[in-house]
Amino acid sequence: MTILTGNQQLVKQINKTLVLETILNEAPISRADIAQKVGLNKGTVSSLVNELIEEQLIYESGPGKSSGGRRPVMLLFNEKAGYSIGIDLGVNYILGILTDLKGHIVAEIQKKLSVTGVEQVKQMMIAIIEDLIRSAGQSHYGIIGIGIGIPGMVNNDGEILLAPNLGWKNVRMKEEIENRFQVPVIIENEANAGAYGEKLYGAGKEFDNILYVSAGIGIGVGVILDGQLFTGSGGFSGEMGHTIIIVNGKECSCGSRGCWEQYASEKALLEEAKNIPIPYADKDSISIELLVELAKEGNEEVINLFKKIGAYLGVGINNMINTFNPEQIIIGNRLAMAKDWLEESITHFVKSHTIPFHQQDLSITFSQLTTHSTAVGVCALSIENFLKTSVK
Ligand SMILES: [Zn+2]
């Protein structure tokens with residue numbers, strides 16, 4: 001084996017990452033096409049490819065299409081080389097998923113969350129992670145990381161500073177979970193993770209400037225600028241749910257009043273539903289799933305309630321569009337279930353209020369990964385971290 005100097009080692013690592021990324025994004029692809037795409041000579045590409053095959057990150061498939069002469073062997077990314085675990089800690093549910101290294105979901109567990117104490121929630125999360133680990137098949141790298149999406153502010157260190165809807169303040173759990181499972185743990189705000197999931201695998205693939213509105217019990221916003229997740233200087237940008245839309249309005253769990261999420265979230269929807277006659281349920285057991293069913297049956301009062309929530313969603317979305325001039329707005333999380341009854345009032349509000357220049361070439365859409373954006377997003381963050389650190 002050749003001994004490389006520090007600089008040579010760094011250059012090699014950069015080239016190898018480039019080759020791996022090209023295979024990840026363009027597969028099936030031949031060695032010659034990689035060389036041409038990344039501008040390295042064929043010999044260098046071949047030796048890097050051989051290492052990647054040995055490390056089981058890629059594999060050779062049968063011959064590809066020939067342009068005359070011998071058919072080239074094609075290279076593919078080995079998504080079965082390991083698994084990623086993603087947890088979406090909602091306020092009223094925990095969703096855990098297991099994905100391969102391309103973000104395909106291979107197992108999932110969802111549990112209702114009726115407690116919010118840190119210890120109890122952590123124990124539930126650990127039990128879900130253990131079940132997911134058991135459901136993973138044999139693979140070269142095993143579980144490559146665990147990602148956890150949190151409905152609140154998370155700093156760059158993974159400390160949960162504030163999760164108002166859970167009543168959490170200054171909670172650390174990253175180290176404990178890392179020690180327990182002996183894999184890297186990433187803790188990220190759920191809307192940031194959701195935005196990343198949609199950008200990579202969902203509705204945002206075609207765009208580089210995206211605002212992802214995570215509308216669940218609260219509202220958070222994930223911001224993708226120039227193709228990159230923007231998280232602010234401390235890691236907690238996007239707390240749009242707490243921008244004020246009504247001065248001296250309804251009290252909010254953040255300590256302020258009149259916040260957007262008091263009018264346009266799942267919480268607002270469920271509270272307002274208590275004021276209209278709802279069949280099949282008492283006031284405390286109304287759920288968004290039930291309201292969607294009633295809307296499907298044509299229940300006028302429920303449909304009007306969705307329209308009202310949609311208009312309030314439009315208020316905050318208008319403010320964001322005027323601020324960021326994005327290419328795409330993606331509405332995700334639990335309220336996305338009610339797309340059919342929200343969409344028109346959201347777009348109507350934007351059309352009639354947002355500065356027209358911003359509306360040119362603007363796409364307003366609902367998430368493709370629906371309720372799984374956050375879980376898939378945190379899996380993707382772990383995968384990215386794994387690929388970056390495993391290429392040597
Ligand atoms: Zn607030």
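Up top is the structure.
The structure presented is a predicted model; accordingly, all values stated were derived computationally and were not measured.

Rules used in this analysis
- Residues numbered from 1 in each chain as written.
- Predicted model: local features only at pLDDT ≥ 70, side-chain atom pairs only at ≥ 80, totals over all residues.
- Heavy atoms only, no water.
- Phe/Tyr/Trp six-rings, centres within 6.5 Å; stacked < 30°, edge-to-face > 60°.
- Helix = DSSP H or I, 4+ residues; strand = E, 2+ residues; numbered from the N terminus.
- Buried < 20%, exposed > 50% of the residue type's maximum accessible area, 1.4 Å probe, protein only.
- Lys NZ or Arg CZ within 6 Å of the ring centre and 35° of its normal.
- 1 Å grid on protein atoms, 1.4 Å probe; cavity = no way out; pocket = protein on both sides within 12 Å on 5 of 7 lines; lining within 4 Å.
- Points joined across faces, edges and corners; volume = space filled by probe spheres on them.
- Nonpolar A, V, L, I, M, F, W, Y, C, P; charged D, E, K, R; others polar.
- Domains from an automatic or database assignment.
- Core = buried A, V, L, I, M, F, W, Y, C linked by side-chain atoms within 4.5 Å.
- Contact = heavy atoms within 4.5 Å.
- Pairing = 2+ DSSP bridges.
- Axes fitted to C-alpha atoms, helices over the stretch in contact; angles between N-to-C directions.
- Parallel < 35°, antiparallel > 145°, perpendicular 65-115°, else oblique.
- Left-handed = near helix turned anticlockwise from the far one by under 90°.

## Observations concerning the packing of aromatic side chains
Working step 1: Summed over all chains, the structure comprises three aromatic pairs.
Working step 2: Between Tyr 141 and Phe 386, the aromatic rings sit 5.0 Å apart at their centres with planes inclined by 70°, giving edge-to-face as the arrangement. One end of the pair, Tyr 141, is in the loop between helix 4 (118–135) and strand 7 (143–150); the other, Phe 386, is in helix 13 (residues 373–390), and 245 residues separate them in sequence.
Working step 3: Residue classification places Phe 386 among the buried positions, given a relative accessible area of 9%.
Working step 4: Ring centres of Tyr 263 and Tyr 312 lie 5.3 Å apart, and the angle between their planes is 40°; this geometry places the pair in the tilted category. You can see Tyr 263 sitting in helix 7 (residues 261–264) and its partner Tyr 312 sitting in helix 10 (residues 300–324), a full 49 residues away along the chain.
Working step 5: Taking relative accessible area as the criterion, Tyr 312 reaches 24% and is therefore assigned partly exposed.
Working step 6: Positioned above the aromatic ring of Tyr 263, the side-chain terminus of Lys 250 is 4.9 Å from the ring centre.

## Notes on the layout of surface pockets
Working step 1: In this structure, the largest pocket encloses a volume near 540 Å³.
Working step 2: Among the residues making up the lining of the largest pocket, the classes are represented as nine nonpolar, two polar and four charged.
Working step 3: When residues of the lining of the largest pocket are assigned to domains, at least three fall in each of domain 1 (2–77) and domain 2 (81–195 + 374–390).
Working step 4: Of the volumes computed, that of the second largest pocket is approximately 470 Å³.
Working step 5: If you go around the second largest pocket, you meet 21 residues; those closest to its centre are Asn 92, Glu 266, Leu 270, Ile 286 and Ser 287.
Working step 6: With four residues, helix 8 (residues 266–273) is the single largest residue contributor to the lining of the second largest pocket.
Working step 7: Tallied by class, the residues present in the lining of the second largest pocket amount to six nonpolar, five polar and 10 charged.

## Looking at the nonpolar core
Working step 1: With 46 residues, the main nonpolar core has Trp 260, Leu 291, Phe 306, Leu 313 and Ile 317 as its most contacted residues.
Working step 2: Of all the elements in the fold, those that place two or more residues in this core are strand 12 (210–215), strand 13 (219–225), helix 7, helix 8, helix 9 (288–296), helix 10, strand 15 (328–332) and helix 11 (339–353).
Working step 3: Once you skip the residues sitting within four places of it in the chain, Leu 291 turns out to touch Leu 269, Leu 270, Ala 273, Ile 278, Ile 286, Val 302 and Phe 306.
Working step 4: Counting 32 residues, the second-largest nonpolar core is a separate cluster that includes Ala 107, Ile 160, Trp 168 and Ile 177.

## With respect to the sheet that holds strand 8 (residues 153–154)
Within a sheet, adjacent strands bond to each other through the backbone by hydrogen bonds, running parallel or antiparallel.
Working step 1: Across the sheet, three strands lie side by side as 8-9-10; this open sheet has antiparallel pairing. Of all strands in the sheet, those bounded by a partner on one side alone are strand 8 and strand 10 (168–171).
Working step 2: Sheet topology places strand 8 next to strand 9 (residues 160–163); two bridges connect them, and they run antiparallel. Residue Met 153 lies in a different strand from strand 9, and its bridge partner there is Leu 162.

## With respect to the environment of Cys 379
Working step 1: Looking at the element boundaries, Cys 379 is found in helix 13.
Working step 2: Judged by its relative accessible area of 0%, Cys 379 is buried.
Working step 3: The spatial distance from the C-alpha of Cys 379 to the C-alpha of Tyr 83 is 8.8 Å, given a sequence separation of 296 residues.

## Here's the deal with the packing of helix 6 (residues 190–201) against helix 13
Working step 1: Between helix 6 and helix 13, the shortest axis-to-axis distance is 7 Å and the interhelical angle comes to 80°. Between helix 6 and helix 13, the angle is such that the two are roughly perpendicular. Of the residues in helix 13, those touching helix 6 at Glu 190, Ala 193, Gly 194, Tyr 196, Gly 197, Glu 198, Leu 200 and Tyr 201 are Ser 373, Thr 374, Val 376, Gly 377, Val 378, Ala 380, Leu 381, Ile 383 and Glu 384.
Working step 2: In terms of residue class, the contact of helix 6 with helix 13 is built from nine nonpolar, five polar and three charged.

## Quick look at the packing of helix 10 against helix 11
Working step 1: Their axes nearest at 7 Å, the elements helix 10 and helix 11 cross at an angle of 40°. The orientation of helix 10 relative to helix 11 falls into the category oblique. Both helix 10 and helix 11 take part in a crossing whose hand is right-handed. In this structure, helix 10 uses Ile 303, Phe 306, Lys 307, Ile 309, Gly 310, Ala 311, Leu 313, Gly 314, Val 315, Ile 317, Asn 318 and Ile 321 to contact helix 11, whose residues at the interface are Trp 341, Leu 342, Ser 345, Ile 346, Phe 349, Val 350 and His 353.
Working step 2: Class assignment for the residues of the contact of helix 10 with helix 11 results in 13 nonpolar, five polar and one charged.

## Quick notes on unusual backbone geometry
Working step 1: The omega angle of the peptide bond from Ala 27 to Pro 28 is 0°, so this bond is cis rather than trans.
Working step 2: Turning to its location among the elements, Pro 28 is positioned in the loop between helix 1 (6–26) and strand 1 (29–30).
Working step 3: The phi dihedral of Gln 182 falls on the positive side, at around 55°, and the residue is not glycine.
Working step 4: For Gln 182, the position within the fold is in the loop between helix 5 (174–181) and strand 11 (185–189).
Working step 5: Even without being a glycine, Asn 248 presents a positive backbone phi close to 60°.
Working step 6: Structurally, Asn 248 can be placed in the loop between strand 14 (228–230) and helix 7.
Working step 7: Relative accessible area serves as the criterion here: at 65%, Asn 248 is assigned to the exposed category.

## Remarks on the sheet that holds strand 4 (residues 83–89)
Working step 1: Taken together, the five strands give an open sheet; going across it, the order is 6-5-4-7-11, and neighbouring strands pair in mixed fashion. Strands with a single pairing partner mark the edges of an open sheet, and in this sheet they are strand 6 (105–112) and strand 11. The average undirected angle you get between the axes of adjacent strands in this sheet is 15°.
Working step 2: Note: strand 4 against strand 5 (residues 93–99), six bridges, orientation antiparallel. Its bridge partner being in strand 5, Leu 89 is matched across the sheet by Ile 94.
Working step 3: In this fold helix 5 packs onto strand 7 and strand 11, with an angle of close to 145° to the strand it touches most, strand 11.

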